[in-house]
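So you can see what is in the structure, the chains are spelled out below.
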Amino acid sequence: MYLVGQEEIDALTRVIRSNALFRYGVGGECDRFEARYAKFLGVKHFALAASGSNALVAAMTAVGLGPGDEVIIPAHTYMATATSVLAVGAIPLIVDVDESVTIDPKAIEAAIGPRTRAVVPVHMWGAACDMDAIMEVARRHDLIVIEDACQGVGGGYEGRKLGAIGHMGAFSFNYYKNMTCGEGGGVAINDDLLAERARCAIDPCHFYWLGRDDAVKPFSSNGARASELTGAMLNVQLDRLDGMIGAMRAEKKQILEETRSLGNLGLKPTPMNSPDHDCATQVMYTLPSAEAKRFVALFPSVIVGKTGRHTYVEWDQVLTGAGAAHPAMNPFNMPANAECRKAYSKDMCKKSLDILDRTVMVATHPQHSREETSDIVHNIGAAARVALAGLPVSEADFRKARPIDAQKFDLKADA
Ligand SMILES: Cc1ncc(COP(=O)(O)O)c(C=O)c1O
């Protein structure tokens, strides 16, 4: 959570006082947000859901992914990307990321087999995937592209919004995301029929409230409907989004400019696919190797591969073949998936593990003052000199800067 203040409290209070918490018939906040966010993204439809995981499943359901299909996903993402593939009965195919810590387009192409039907590029830590290259591979091999933009809310890729470039885009609005309503998510879609299918995946009973549309035959699915509290809070959060991302981009630019000379020591800015357009929630550096550990011990920052939950080696259910609660519903047991590749091991993406363990992230924040950013720059320099150039810690002159909050939450919007 970045910025939450009186405006959100007022919006939620209004909805509660009005007694209109249900999105159909009585409310209006979810409809208003869906229209506004679709416009913001430059897509035709946006369908709100209860979470980013639900949004991914709705997108995969809408495009018809299921048993017999392989879906390519990156070695570095939140496990929900993989479990969403399993939730529709398909098999996740895990491939390497490149130095940008996002999926390597060359790894996508190398992994394509007769059963591969889709790819899920994930804009991790707000950094954009190489979407031109990915869309080109997808076009040549007739793959469906579902962007996982759960961590890319508000960011872009060369002038287009993340989540609005592939055939569908899934978003999360949970507590840690750039816009939040506690828990929430949604799907961006351009195609009318796919939008109707996604809405059915999110709420199979929605036609009771909205009327039947004969264009799409309703099917059964789990309910994941958003409430008017979600819509009301997101309408306020959307007003804050551009300003927030702009502030983080300015801070990232300043940090990168003022630490450029440290490249000589081995602290190199991580190559980004769209450095001026992405979310800029993190400044990333790629280090030679074990120095990353020393660097994060000296300066409040995070090794990308050591967050405890974002790399395939930590995806227990996937690695152990626990694809569903009921054995008959487990995609790993389904005869339709017999020809899909599903042999996973902890060292299957060694290249990714090496990159992720050498990449460190420094969190930006829209409310960092110029002074705080200067302290961050100063301390990055001090940590680099100790970790990479052998300066004794006692001579490093660290400033007492406020530690960067790796979990990225803050309640100071009204301060
Ligand atoms: C990359 C990615 N995909 C999917 C999700 C799932 O979103 P949610 O937690 O809203 O279900 C997350 C959430 O952290 C995420 O970071």
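Residues numbered from 1 in each chain as written. Predicted model: local features only at pLDDT ≥ 70, side-chain atom pairs only at ≥ 80, totals over all residues. Heavy atoms only, no water.

**Student:** Lay out the overall build of the protein with the relevant residues and their values.
**Tutor:** Broken down by element type, the protein carries 13 helices and 13 strands. For 415 residues, the compact-globule estimate of 2.2 N^0.38 gives 22 Å, and the C-alpha radius of gyration of the protein, at 22 Å, lies within 12% of that figure. Summarising its shape, the C-alpha atoms of the protein cover approximately 70 × 55 × 35 Å along the three principal directions. Across the 415 residues in the protein, those meeting the buried criterion constitute 55%. Restricting to contacts in the protein with at least 6 residues of sequence separation, those with at least 24 account for 72%. Side-chain charges in the protein split into 43 positive and 50 negative, and the spacing between the mean points of these groups amounts to 1 Å. (Helix = DSSP H or I, 4+ residues; strand = E, 2+ residues; numbered from the N terminus. Rg over C-alpha atoms; globule rule 2.2 N^0.38 Å. Buried < 20%, exposed > 50% of the residue type's maximum accessible area, 1.4 Å probe, protein only. Contact = heavy atoms within 4.5 Å. Lys, Arg positive; Asp, Glu negative; His and termini not counted. Charge placed at Lys NZ, Arg CZ, Asp CG, Glu CD.)

**Student:** Could you give an account of helix α6 (residues 131-141), with specific residues and numbers?
**Tutor:** Met131, Ile134, Val137 and Ala138 are the residues of α6 that are buried. For α6, the arc enclosing every buried residue in end-on projection is 130°, short of the 170-degree limit, so these residues lie on one face. Directly after α6, the chain includes Asp142, whose backbone phi takes a positive value near 55°. (Arc of directions from axis to C-beta.)

**Student:** An account of the sheet that holds strand β11 (residues 282-286) is needed here, citing residue identities and associated values.
**Tutor:** If you walk across this open sheet you meet the four strands as β10-β11-β13-β12, and the pairing is antiparallel. Bordering the open sheet on either side are β10 (268-269) and β12 (302-303), each of which pairs with just one other strand. As defined by bridge partners, β11 adjoins strand β13 (residues 359-363) across five bridges and the pair is classed as antiparallel. Along β13, the bridge assignment pairs Met284 with Met361. Here helix α9 (residues 228-258) sits on the sheet in contact with β10 and β11, set at roughly 30° to β11. The strands that helix α12 (residues 350-358) touches are β11, β12 and β13; relative to β13, the one it contacts most, it runs at about 45°. (Pairing = 2+ DSSP bridges. Axes fitted to C-alpha atoms, helices over the stretch in contact; angles between N-to-C directions.)

**Student:** A description of the environment of Arg23 should follow, citing residues and the corresponding values.
**Tutor:** Mapped onto the fold, Arg23 is located in the loop between α1 (6-18) and α2 (29-41). Taking the C-alpha atoms as reference points, Arg23 and Ser227, 204 residues apart in sequence, are found 5.7 Å from one another. Among residues more than four places away in sequence, those in contact with Arg23 are Cys30, Asp31, Glu34, Leu48, Arg225, Ala226 and Glu228. At 2.8 Å, the side chain of Arg23 forms a polar contact with the side chain of Asp31. (Polar contact = N/O pair within 3.5 Å; in protein donor to acceptor, adjacent residues only side chain to side chain.)

**Student:** Which residues make up the pairing of strand β2 (residues 70-74), and what values do they have?
**Tutor:** With five of five residues buried, β2 is to be regarded as a mostly interior element. The two faces of β2 match: Glu70, Ile72 and Pro74 on one face and Val71 and Ile73 on the other face are all buried. Of the strand pairs in this sheet, β2 and strand β3 (residues 91-95) are connected by five bridges, and their pairing is parallel. Bridging from a neighbouring strand, Val71 pairs with Pro92 of β3. Both β2 and strand β4 (residues 116-119) contribute to a ladder of three bridges, which runs parallel.

**Student:** How would you explain the side chain of Gln151 if you had to name every residue and give the values?
**Tutor:** Its place among the elements puts Gln151 in the loop between β5 (144-148) and β6 (156-157). Gln151 gets classed as buried once you look at its relative accessible area, which sits at 15%. Polar side-chain contacts of Gln151 include one of 2.7 Å to the backbone nitrogen of Trp125. If near-sequence neighbours (up to four positions away) are discounted, Gln151 is found in contact with His123, Met124, Trp125, Gly126, Lys177, Asn178, Cys279 and His310.

**Student:** Please set out unusual backbone geometry residue by residue, giving values where relevant.
**Tutor:** A negative phi angle is the norm for most residues apart from glycine, just as the trans form is the norm for most peptide bonds. For Asn19, which is not glycine, the phi dihedral falls at a positive 70°. Looking at the secondary structure, you find Asn19 in the loop between α1 and α2. A relative accessible area of 67% means that Asn19 is categorised as exposed. Phi is positive for Asp397, close to 60°, though the residue is something other than glycine. Mapped onto the secondary structure, Asp397 falls in the segment after α13 (370-389). With relative accessibility at 53%, the residue Asp397 sits in the exposed group.

**Student:** Hey, could you go over the site of the ligand for me, with residue numbers and the actual values?
**Tutor:** Taken together, 16 residues lie around the ligand, and Gly52, Ser53, Asp148, Ser172 and Lys177 are the ones closest in. In this structure, Asp148 approaches the ligand through a side-chain N or O atom, which is 2.7 Å from a nitrogen atom. Within the side chain of Lys177, one N or O atom sits 2.6 Å away from an oxygen atom of the ligand. When the free accessible area of the ligand is taken as 380 Å², the share hidden by the protein chains comes to 93%. At the level of secondary structure, the elements contributing two or more residues to the shell around the ligand comprise α3 (52-62) and α4 (80-87). Looking at which element gives the most residues to the shell around the ligand, the answer is α3, with three residues. (Near = heavy atom within 4 Å. Areas by Shrake-Rupley, 256 points an atom, 1.4 Å probe, with all protein chains shown as cover.)

**Student:** Any details on the confidence of the model for the protein? Residues and values, ideally.
**Tutor:** Taken residue by residue, the protein gives an average pLDDT of 94. The fraction at 70 or more is 96%. In the model, residues 408-415 has pLDDT below 50 throughout and makes 22 contacts with residues more than four positions away in sequence or in other chains. (pLDDT = per-residue confidence, 0-100.)

**Student:** How would you summarise a nonpolar patch on the surface if you had to cite specific residues and measurements?
**Tutor:** Together, Tyr208, Trp209 and Leu210 make up an exposed nonpolar region whose accessible area comes to about 410 Å². Structurally, Trp209 can be placed in helix α8 (residues 206-210). (Patch = residues over 30% accessible without salt bridge, like charges linked within 9 Å, V, L, I, M, F, W, Y side chains within 5 Å. Salt bridge = Lys/Arg side-chain N within 4 Å of Asp/Glu carboxyl O.)

**Student:** Help me get a handle on the packing of α3 against helix α7 (residues 192-202), residues and values and all.
**Tutor:** As a packed pair, α3 and α7 sit with axes 8 Å apart at the nearest point and diverge in direction by 130°. Accordingly, the angle class assigned to the pair α3 and α7 is oblique. Of the two possible hands of crossing, α3 and α7 adopt the one that is right-handed. Counting all contacts with α3, which are made through Ala58, Thr61 and Ala62, the residues of α7 involved are Leu194, Arg197, Ala198, Ala201 and Ile202. Residues that form the contact of α3 with α7 fall into these classes: six nonpolar, one polar and one charged. (Parallel < 35°, antiparallel > 145°, perpendicular 65-115°, else oblique. Left-handed = near helix turned anticlockwise from the far one by under 90°. Nonpolar A, V, L, I, M, F, W, Y, C, P; charged D, E, K, R; others polar.)

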